Each structure stands twice: as C-alpha cells, then as structure tokens.
Amino acid sequence: MSVQRLSHIGICVSDLGRSLAFYRDALGFTELSRINVEGEHSERLLGIDGGKLEAVYLERDGTRIELLYYPDAGHLPQSSLPPINRLGLSHLSLRVADLDSTIETIIQSGGHCIDHTRVENSQWHTRVVFATDPDGLRIELLQAPGDPAALPG
C-alpha cells in the first residue's frame, strides 16, 4: 500500500485567532506550526479565486488538525447545524474526565452545548453530549470509566 499515514483533518474557520484559542485552550491541542500560502498553485489546489490561506496545525493524542482561514476569499457559513447523517465529516469525538466542566469550558471559549443530545446511561456509567466549536462543527464529549484510549464496543 502506498499510503504512509494520516496527515491531518482540515477544519475551515471564520476567525483563526478565536478557533486557535478554542482548540488549544479549551480542548488541549498543541500548536505545531503555521503556514501562509497564496498564488497560482494555491488557487488551483483550493479551487478558490484569491486562494490566500493561513493555516495552523495542531495536535492532540497523535491526531493532527489544520485550522484553515481564507482572509481574502472568506468562508461559506453554515445556515444551521448539519444533520449527523449528512455525508462527510460528521464530528470530532473527545473522551473527557468531567463532562460538566468540559461543557462549561467550551461555552466560555465560544462553543455551544447541544443540550437535547445529552444521554446518561447508568448501566454503563457513561455520560455523553454533543457540543460545537465556535463555527458549528459538532464535537462529541464522552465521559466513561475505563481506559480513555480504548475504543467503544
């Protein structure tokens, strides 16, 4: 197989500073690097006229994300929270030690809690809810006993 590894997951943001603070300070990602690109190659690759791009790479637990900000072309806003079953990236998922304090931090950092999705399962001793980042990307928050690195199921 010629694929070597997963490089990163790209997230388009409307305010680079706000999103960097959210992912770094509220969710514990570490900044790795920044890039600024523009010109003919960037426009062709991105398919955006005025393809100037500012990007910040962040990492947490071996997963890298890239915050993408387009200062000239702007962004296309979401009109509402997309359905969870829409094709493509549906959400990020984070295992948390304290669901309530994580929700509080997310709200204080510009995100939102989707309260009606909250589920508490006393049989499995789990609590889970969806929240969003400041631009509306859905983030699943799961508080559960056991090894945080273990996969569900």
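Here, every reference points to the structure presented above.
In this text, all values refer to a predicted model and were calculated from it rather than measured experimentally. (Residues numbered from 1 in each chain as written. Predicted model: local features only at pLDDT ≥ 70, side-chain atom pairs only at ≥ 80, totals over all residues. Heavy atoms only, no water.)

Colleague: An account of the environment of Asp 15 is requested, with residue identities and associated values reported.
Modeller: Position of Asp 15 relative to the elements: it lies in the loop between strand E1 (9-12) and helix H1 (16-26). For the pair formed by Asp 15 and Pro 145, sequence separation is 130 residues and the distance between their alpha carbons is 35 Å. Looking at Asp 15, its side chain comes within polar contact range of the main-chain nitrogen of Gly 17, at 3.2 Å. (Helix = DSSP H or I, 4+ residues; strand = E, 2+ residues; numbered from the N terminus. Polar contact = N/O pair within 3.5 Å; in protein donor to acceptor, adjacent residues only side chain to side chain.)

Colleague: Give me the lowdown on the packing of aromatic side chains, citing residues and values where you can.
Modeller: Centre distance and the angle of the planes are the two values used to describe a pair of aromatic rings. For the structure on display, the rule yields 2 aromatic pairs. Look at Tyr 23 and Phe 29: their rings are 5.9 Å apart centre to centre, the planes differ by 75°, and that puts the pair in the edge-to-face class. You'll find Tyr 23 and Phe 29 in the same group, each marked buried. Among the aromatic residues, ring-to-ring pairing joins Phe 22, Tyr 23 and Phe 29 into one connected group. Looking at Arg 138, its charged tip hangs above the ring of Phe 130, at a distance of 5.7 Å from the centre. (Phe/Tyr/Trp six-rings, centres within 6.5 Å; stacked < 30°, edge-to-face > 60°. Buried < 20%, exposed > 50% of the residue type's maximum accessible area, 1.4 Å probe, protein only. Lys NZ or Arg CZ within 6 Å of the ring centre and 35° of its normal.)

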